[in-house]
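Given next are the chains, with one letter for each unit.
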Amino acid sequence: MGRRTAPRTAAKHGILVLVTVPSVHTVAYLLAPGRIELRRLPTAQPAEGQVLLRVDRALAGGTDRKAFARGHPMIPMPGPFGHRYAGTVAALGPGAPAFEVGQPVMGVHSAPCLACDLCRKGRQHMCPDVMKEKVLGAFAQQLCVPAAVARHNLFPRPDWLSPEHAALLEPLACVVHGLELIDWAGVERVLVLGLGAMGLFFAQLLPHYTTAERAGAGRRSAGLELARCFDLRPVWDIGERSLAEQLPTSERFDCVIECTGRIEGWQQAFERAAPGGQVLLFGGVPRDAVFAPDTYRLHYEEIRVLGSFHFAPRDVAKAREFLLSGDLELDPMINGCLPLSQLPEALRRLEAGEGIQYAIDPWM
Ligand SMILES: [Zn+2]
């Protein structure tokens, strides 16, 4: 296998950094639900504005699990997948942002145009172009970051921040976006429904937004334990007995954050909202799922139902601040590191409820 050295080097702390880029690299292709193939592909030359990364770590989480189990509307098959990553700059296209070869970086997978009507109105997460050039293919040894993402949503990564922790920027940005949608005035009780990775990030970030009492309900034992570590009280195990069997239906919350991604979860979240309360529908459900809230309560009790999808650059900036603050418990959010060849195993474990997120090291 031929190797060549990246065209430029960067001196850092007096040490000359060389990033060697193999002329071919390994990429995981999702062919169909349940089928992944590792392919050897030639190294891409970064085009105008693009940044070629050596992927240091990718993360396999809920979206990847769903794509592997049943397909995903945002992830075409067959094709490369994986969108949570941290890497090292290996080469820069003409006119790319001012990164240096050898520089550690972290980023998210999309970027809005910042010019359309929705972007101008501050709704950059709904920009029709936000997914036009998205990062798909983080489960690989190399990744070419599209020009718009490199320009707006790729950042230097400090040496002390590990690549697997840095790869949490994307899920954190999604959670920050949800938390920013909620009107916190008068919120005294919050329920986080669903204690997978996203519910647990909500648990960790909630104290930065509210002094309200915070409770949780989930099915998986790992999530239940962590939720208690992150100070949710009480935490109901709804794996065997429903919440209705354990808590009178009259017990309601000013804010319910739904992270189950199941239509029953949406329904349950609405039912637990107190009069004047808010329901954040964070977990996406299949497109044809029907949500039927009680129209009486919706109208006369003014329950506000908030959809939450994706993030705007301001959410990414805030998520990055949280990551760089060092205040978050990130180790428990990742259940281990596996080589690229064991990506299907990582996704099967997630599907079986073993763990909440796995790091993938493409060089192992
Ligand atoms: Zn736009």
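Described in the following lines is the structure provided in the data block. (Residues numbered from 1 in each chain as written. Predicted model: local features only at pLDDT ≥ 70, side-chain atom pairs only at ≥ 80, totals over all residues. Heavy atoms only, no water.)

Okay, the overall build of the protein chain next. Counting its secondary structure elements, the protein chain contains 12 helices and 20 strands. For the protein chain, the C-alpha radius of gyration of 21 Å lies close to 21 Å, the compact-globule estimate for 364 residues. Each principal axis of the C-alpha distribution contributes one length, and for the protein chain these read about 65 × 40 × 40 Å. Long-range pairs, those at least 24 residues apart, make up 69% of the contacts in the protein chain between residues at least 6 apart in sequence. On the protein chain, roughly 16100 Å² of surface is accessible, and the fraction owed to carbon and sulfur atoms is 50%. Each charge class in the protein chain was averaged separately, 38 positive and 38 negative side chains, and the resulting centres sit 6 Å apart. (Helix = DSSP H or I, 4+ residues; strand = E, 2+ residues; numbered from the N terminus. Rg over C-alpha atoms; globule rule 2.2 N^0.38 Å. Contact = heavy atoms within 4.5 Å. Areas by Shrake-Rupley, 256 points an atom, 1.4 Å probe, with all protein chains shown as cover. Lys, Arg positive; Asp, Glu negative; His and termini not counted. Charge placed at Lys NZ, Arg CZ, Asp CG, Glu CD.)

If you add up the space inside the second largest pocket, you get close to 230 Å³. In this structure, the second largest pocket is lined by 14 residues; those nearest its centre are His25, Val27, Gln142, Leu143 and Cys144. Broken down by secondary-structure element, the contributors of at least two residues to the lining of the second largest pocket are strand 5 (24–32), strand 6 (35–42) and strand 11 (142–145). A class-by-class count of the residues in the lining of the second largest pocket yields 11 nonpolar, three polar and no charged. (1 Å grid on protein atoms, 1.4 Å probe; cavity = no way out; pocket = protein on both sides within 12 Å on 5 of 7 lines; lining within 4 Å. Points joined across faces, edges and corners; volume = space filled by probe spheres on them. Nonpolar A, V, L, I, M, F, W, Y, C, P; charged D, E, K, R; others polar.)

A separate point is unusual backbone geometry. With an omega dihedral of -5°, the bond running from Met77 to Pro78 counts as a cis peptide bond. Structurally, the position occupied by Pro78 is in the loop between helix 1 (62–70) and strand 8 (79–80). Here the residue pair Arg233 and Pro234 is connected by a cis peptide bond, since its omega of -10° sits within 30 degrees of zero. Position of Pro234 among the secondary structure elements: in the loop between helix 7 (221–229) and strand 15 (235–237). Positive phi, close to 45°, is recorded for Glu302, a residue that is not glycine.

Okay, the coordination of the zinc ion next. Taken together, Cys113 (SG), Cys116 (SG), Cys119 (SG) and Cys127 (SG) make up the full set of protein donors to the zinc ion, lying 2.3 Å away. Around the zinc ion, the four donor atoms sit at angles spanning 105 to 116°, and that spread fits a shape best called tetrahedral. The sequence pattern formed by the donor residues of the zinc ion is C-x2-C-x2-C-x7-C. According to the relative accessible area criterion, Cys113 is partly exposed, its value standing at 30%. (Donors = N, O, S within 2.8 Å, 3.2 Å for Na, K, Ca; no water. Tetrahedral: all angles 85-135°; square planar, octahedral: opposite > 155°, others 65-115°. Buried < 20%, exposed > 50% of the residue type's maximum accessible area, 1.4 Å probe, protein only.)

Along the chain, Gln124 falls in the loop between helix 2 (117–120) and strand 11. Given a relative accessible area of 14%, Gln124 falls into the buried group. At 2.9 Å, the side chain of Gln124 and the side chain of Arg314 are in polar contact. If we skip the residues at most four places from it in the chain, Gln124 touches Pro112, Leu114, Leu118, Cys119, Val130, Ala312, Pro313 and Arg314. (Polar contact = N/O pair within 3.5 Å; in protein donor to acceptor, adjacent residues only side chain to side chain.)

Here helix 5 (residues 169–181) crosses helix 11 (residues 313–325) at 115°, and the two axes come no closer than 8 Å. Classified by the interaxial angle, the pair formed by helix 5 and helix 11 is roughly perpendicular. Crossing of helix 5 over helix 11 shows right-handed handedness. For the pair helix 5 and helix 11, the contacting residues are Leu169, Leu172, Ala173, Val176, His177 and Glu180 in the first and Asp315, Val316, Lys318, Ala319, Arg320, Phe322 and Leu323 in the second. For the contact of helix 5 with helix 11, the residue count by class is eight nonpolar, one polar and four charged. (Axes fitted to C-alpha atoms, helices over the stretch in contact; angles between N-to-C directions. Parallel < 35°, antiparallel > 145°, perpendicular 65-115°, else oblique. Left-handed = near helix turned anticlockwise from the far one by under 90°.)

On to the pairing of strand 9 (residues 85–92). Of all eight residues that make up strand 9, eight are buried, and the element is covered over most of its length. Looking at chain direction, strand 7 (residues 51–60) and strand 9 are connected through seven bridges and run antiparallel. Counterpart to Val55 in the pairing with strand 9 is Gly87. Looking at chain direction, strand 9 and strand 10 (residues 104–107) are connected through four bridges and run antiparallel. Within strand 10, the residue paired with Tyr85 across the bridge is Gly107. (Pairing = 2+ DSSP bridges.)

Before going further, it helps to spend a moment on the packing of helix 5 against helix 6 (residues 197–205). Contact geometry of helix 5 with helix 6 gives a least axis separation of 10 Å together with a crossing angle of 60°. By the angle class used here, helix 5 and helix 6 are oblique. Relative to helix 6, helix 5 is oriented so that their crossing is right-handed. Of the residues in helix 6, those touching helix 5 at Pro171, Leu172, Cys174, Val175, Val176, Gly178 and Leu179 are Met198, Phe201, Phe202 and Leu205. Its residues placed into classes, the contact of helix 5 with helix 6 shows 10 nonpolar, one polar and no charged.

All right, on to the side chain of Asp64 then. Relative to the helices and strands, Asp64 is located in helix 1. One buried charged side chain, Asp64, makes no salt bridge at all; its nearest oppositely charged neighbour is Arg84, positioned 5.2 Å away. (Salt bridge = Lys/Arg side-chain N within 4 Å of Asp/Glu carboxyl O.)

Attention shifts here to the sheet that holds strand 6. Either a parallel or an antiparallel arrangement is found when strands of a sheet pair, and the pairing is made through backbone hydrogen bonds. The strand order across the open sheet built from three strands is 6-5-8, with neighbouring strands paired in antiparallel fashion. Each edge of the open sheet is held by one strand with a lone partner, namely strand 6 and strand 8. Note that strand 5 and strand 6 share eight bridges and pair antiparallel. Note on strand 6: the bridge partner recorded for Tyr29 is Glu37.

Keep in mind these values describe shape, not function.
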